[in-house]
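# Coordinate analysis (summary)
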Amino acid sequence: VHHTTRAENDPQSPEHTIATMMTLAHAPVVAPVAARASIPRRGGVARVADARIPRGAGRPTAKMTLRSRPRPLRRLVIRADADAEAAVAEAELGTADALGNDEDMVAKVKARVLAKVAAKKAAKKKKLKEAGLLDEDEDEEGDEFAPVAAVPGQAKPKAKAKAKKKKRKYIKPDGTEVELEEDDDEDDEEEPYVAPPPPPVAPNKCTFHIEVETNFGDHLCLTGGHALLGDWSTVNGIPMDWVEGNKWSVTVNLPAHQLIQYKYVVRSGWAPDGDTRWQGGPDGIISTGPEHSTVEIQDKPQWHSWGEGHPSVKAVPAAITAFQKVKAPENWPSNTPNVSLLPEWSRDAVFYQIFPLGYFGAPTVNDQKLAVNPRLKQIRAHYKHFRELGIDAVYFSPLFESGTHGYDTFDYFEIDRRLGDVELFKEIVKELHDIGIKVVLDGVFNHTGTQHFAFKDLKEKGAHASEFGNWFHIGARKWDYEGWCSTDSIKGTGFSYDCWEGHPVLPRLNLDEPAVRNHIFDVARFWLKEVGIDGWRLDVAHEIHPDFWREFRRVCDDARPDGSALLVGEMIHGNYNGWVGNDRLHSGTNYQMSHATWHSLNEHNYGYFYSALMREANLFSGLSLVNFLGNHDVPRIASNLDNQAHYTHAMVVLILMKGIPCLYYGDEFGMEGRPEDGTDEHSGGDDAMRRPMLDCAKPASWPAVGMSRLALNKKLIALRKNYPVFGVKGTQDIRDMTLISNEQMIVIRYTEDEIAAMVFNCGDYSVDPWPEVVIPASFTGGIKVGDKMVDLLSPTGTSLPVHEGGKVYAGPCDPNSVKVLYWSKPKPKPK
């Protein structure tokens, strides 16, 4: 942004002229009518930057050149040539976009332009003085340029070839003409004036709403007659977000001052050739307004055809065609995938989630009278297990002082007394760091517990007297909100309050209140800077406006200037792109793929899994999401699977496919737990998934499958670490996946030098004929006929040859089996 100074606003100053010239590259050459009225006029000529427009004239025509403009009187000769020279100099410098906001570069450009114009002007003045057209002590009135010192380090101009001579006529004050012989410089070549390209225009934020009944697996997309709407392609159109019920919505940035056609389309699944159902009736038409405008559109669905001859159907394309003939040129940014760059340490990390109150066997209720119990110390006995398993980070579910399950926070600055204190936790963080393990905490900032100091003050004094009246969403009537609190100070009075999902013990914070935001930001800083944690997992992040997370991100980045603080939001449904991005959260929990992984196995329906992968590829190709198969809120994977033979399939997906794998404690041994098995009234049965951790040093206490499952998890994590193809460097393109049937599927990943094929069979039978793995043409690693791919999961290291056409026959495939085939380019032998 170029800040205007007082001198730049003065038409007589050199700064004004330079500012005008620098602005020229960002504005049309012809000023709007309202602007032209205020432009200073001299000698009957209206001045617009470097163009001269006679009174009453319209915009410059293609035939008008720098030389063919009307001749001014002698007092404007120097200014005219200086203007022309400045325009040429500006053109030689290229587009102003190259300058960006670099003040040093802008200053150098100004200096170079001034120096060149000053030299030209001095030569003109000398010639005029020699001809008697300018007195020795006379100078131009209203000069816009003055000679400047050369820029230090500036290269000397190259010597020019001998200039051609030409004669030019000038007018003396008495009206007589005089003819002078001048150099005909190449810079003065007559070239048609070409206006600079239009600047990028700030877009309109256009939100489309519609209510449409859809079937399971369907989704709605918006497409239309503009590149930003996919140019009528359903594949490239804008997927809409499901809101609730049959309501759909999407916000799109569209160029200002445009007329654009659009239509809604129901897509079945995400396959490019999937079934579609187009909206009937006339096309929609949107007229965008001025820059930075907001447009809200509430459409009603129309699904029957009106016929091409209907006047309303014909009117829309006719209006668009007429508009296209006269519309201004566009310069708009294209739709690019939302990309989120994670802190470097987390990109290939394997996470391990611990629910501390359950992991360490703490009481389910904290009456705030208990003595501090340092149960956190028990984790030291598990360091050896963490190292052998191969994890890189521990994510602790809530640790803060709370009443029951940890999500009803009383004090964000204290460790729950059932677990220890802050000093003990600092020691744990340092010890984990010493063995190469990062620490991430659960931040519950959407709501608190009723014993939080702000809510306690409200309860004691009443909403009218408490200084924390704006900290929560408060109502005067019982039916305003779901929660009700009686006031201690005045009997018979009270207030209603908003609470999370109707739970009275979880009053929802008002994050629009500056004091609340500052309180939460102080919490974030304390744990990052004072305790030394490495990031946050943020509870119900999708229920909090993205702007809050933008500010939270800035706070965390300030606390960790190296950008190492990871922010992961809990995302249960919807389009994660609104919350995850380079100025918001780094990542989110991938609930859609978690469900698709185990559900497709139980239903013997890899088509469902493939559809979820297509959705992820369409919506989240630029994101790296946190994958999981179990956590403190959902059944453990061992309890979720109908066939325990599919445990390997699920873990291969979790650890070897795209994303950040997060293993829930105990799942590596095959621990079980589902909500209906729980007994704690405060957690709604979720205590069944939060039972104490097994003794890692006593295999006899593990489930019968504990040994084999632990060995499998160790092997898969080692593969991810030792073979880059399974990590962030490996591709995962939907075009490299083959859905053979609902029970067989192949996923291929590769880097420049290695390729892997995961062959899944969830059927209760051997596969015949054998599945064909086809090496993608896009893989250029040099694999050839006769090379062998090794099954990394085979105890004997089975290898399969590559045949003509880049085919590998992956059989025999046993019932409910998985193969992980791998090949890498041979390394050159050392000399």
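Of regular secondary structure, the chain possesses 16 helices and 35 strands. Sorting the 831 residues of the chain into buried and exposed places 50% on the buried side. Pairs at least 24 residues apart make up 70% of the contacts formed inside the chain by residues separated by at least 6 positions. Looking at the chain as shown, the accessible area adds up to about 40500 Å², and 53% of this sits on carbon and sulfur atoms.

The next subject is the sheet that holds strand 24 (residues 566–569). Read from one edge of the open sheet, 8 strands run 25-24-23-19-16-15-27-26, paired in parallel fashion. Each edge of the sheet is formed by a strand with only one pairing partner; in this case those strands are strand 25 (587–588) and strand 26 (626–628). Both strand 16 (residues 393–396) and strand 19 (residues 438–443) contribute to a ladder of 4 bridges, which runs parallel. In the sheet register, Val394 faces strand 19, and the bridge partner there is Val439. Its contacts with the sheet place helix 11 (residues 546–559) against strand 23 (535–538) and strand 24, and it is angled at close to 160 degrees to strand 23.

At a minimum axis separation of 10 Å, helix 15 (residues 647–656) and helix 16 (residues 706–722) run at an interaxial angle of 30 degrees. By the criterion of interaxial angle, the relationship of helix 15 to helix 16 is roughly parallel. The interaxial crossing formed by helix 15 with helix 16 has right-handed handedness. Contact residues: Tyr647, Thr648, Met651, Val652, Ile655 and Leu656 in helix 15; Arg709, Leu712, Asn713, Leu716, Ile717, Leu719 and Arg720 in helix 16. Classifying every residue of the contact of helix 15 with helix 16 by side-chain character gives 9 nonpolar, 2 polar and 2 charged.

With that out of the way, let us pick up the side chain of Ser600. Relative to the helices and strands, Ser600 resides in helix 12 (residues 591–602). In this structure, Ser600 is in contact with Asn605, Tyr606, Tyr608 and Phe609, ignoring residues within four places of it in sequence.

Time to look at the environment of Gln302. Within the secondary structure layout, Gln302 lies in the loop between strand 14 (294–299) and helix 5 (311–326). Taking relative accessible area as the criterion, Gln302 reaches 28% and is therefore assigned partly exposed. C-alpha of Gln302 to C-alpha of Pro282: the two residues are 20 residues apart in sequence and 8.9 Å apart in space. When sequence neighbours within four positions are dropped, the list of residues in contact with Gln302 reads Gln279 and Gly280. Engagement of the side chain of Gln302 in a polar contact is seen with the side chain of Trp306, the distance being 3.5 Å.

A sheet is described by the order of its strands in space; here 4 strands give the open sequence 9-10-6-14, paired in mixed fashion. The open sheet has two edge strands with one neighbour each: strand 9 (241–244) and strand 14. Strand after strand, the sheet turns through a mean of 25 degrees between neighbouring axes, direction not considered. Of the pairings in the sheet, the one linking strand 6 (residues 204–211) to strand 10 (residues 247–254) comprises 8 bridges and is antiparallel in character. Bridge assignment links Cys206 to a residue of strand 10, and that residue is Val252.

A few words now on the environment of Met707. Within the fold, Met707 resides in helix 16. Taking the relative accessible area as the measure of exposure, Met707 reaches 54% and is therefore exposed. When the C-alpha positions of Met707 and Glu668 are compared, they lie 9.1 Å apart, and in sequence the two are 39 residues distant. If near-sequence neighbours (up to four positions away) are discounted, Met707 is found in contact with Pro699 and Trp702.

In the structure shown here, the tally under the stated rule is 40 aromatic pairs. A cation over a ring is seen here: Arg690 above Phe355, with NZ or CZ 4.5 Å from the ring centre.

What follows covers the nonpolar core. By size, the foremost hydrophobic cluster in this structure holds 129 residues, and its most contacted members are Phe386, Phe396, Phe425, Leu441, Trp527, Trp536 and Phe552. Residues in contact with Trp527, not counting those within four places in the same chain, are Phe400, Tyr412, Phe413, Glu414, Ile415, Val422, Phe425, Leu441, Gly532, Ile533 and Trp536. Residues Val212, Val250, Ile260 and Val266 belong to the second largest nonpolar core, which totals 21 residues.

Time to look at the pairing of strand 7 (residues 218–224). Taking burial as the measure, the 7 residues of strand 7 include 7 buried ones, the bulk of the element. The alternating pattern of strand 7 places Asp218, Leu220, Leu222 and Gly224 and His219, Cys221 and Thr223 on opposite faces, both of which are buried. Here 7 bridges tie strand 7 to strand 11 (residues 259–268), and the two strands are oriented antiparallel to one another. Opposite Cys221, over in strand 11, you have Val265 as the bridge partner. As paired strands, strand 7 and strand 8 (residues 238–239) are joined by 2 bridges and run antiparallel to one another. In the sheet register, Cys221 faces strand 8, and the bridge partner there is Pro239.

Considering every residue of the chain, the mean pLDDT works out to 82; 77% of them sit at 70 or more. In this model, residues 91–101 is a region of pLDDT below 50 whose contacts with residues beyond four sequence positions or in other chains number 13 contacts. Below a pLDDT of 50 lies the segment residues 186–190, which in the model reaches 9 contacts outside its immediate sequence neighbourhood of four places, other chains included.

A separate point is the pattern of salt bridges. Applying the stated criterion to the full structure yields 33 salt bridges. Lys721 is the partner of Asp392 in a salt bridge, and the nearest nitrogen-oxygen pair spans 2.7 Å. With Asp392 in the loop between helix 7 (383–389) and strand 16 and Lys721 in helix 16, this pair connects stretches of sequence that are 329 residues apart. Asp392 sits in the buried class, given a relative accessible area of 19%. The class for Lys721 is partly exposed, based on a relative accessible area of 40%. Connected through shared salt-bridge partners, Asp442, Arg537, Asp539 and Glu570 make up one network.

The rules we used
Residues numbered from 1 in each chain as written. Predicted model: local features only at pLDDT ≥ 70, side-chain atom pairs only at ≥ 80, totals over all residues. Heavy atoms only, no water. Helix = DSSP H or I, 4+ residues; strand = E, 2+ residues; numbered from the N terminus. Buried < 20%, exposed > 50% of the residue type's maximum accessible area, 1.4 Å probe, protein only. Contact = heavy atoms within 4.5 Å. Areas by Shrake-Rupley, 256 points an atom, 1.4 Å probe, with all protein chains shown as cover. Pairing = 2+ DSSP bridges. Axes fitted to C-alpha atoms, helices over the stretch in contact; angles between N-to-C directions. Parallel < 35°, antiparallel > 145°, perpendicular 65-115°, else oblique. Left-handed = near helix turned anticlockwise from the far one by under 90°. Nonpolar A, V, L, I, M, F, W, Y, C, P; charged D, E, K, R; others polar. Polar contact = N/O pair within 3.5 Å; in protein donor to acceptor, adjacent residues only side chain to side chain. Phe/Tyr/Trp six-rings, centres within 6.5 Å; stacked < 30°, edge-to-face > 60°. Lys NZ or Arg CZ within 6 Å of the ring centre and 35° of its normal. Core = buried A, V, L, I, M, F, W, Y, C linked by side-chain atoms within 4.5 Å. pLDDT = per-residue confidence, 0-100. Salt bridge = Lys/Arg side-chain N within 4 Å of Asp/Glu carboxyl O.

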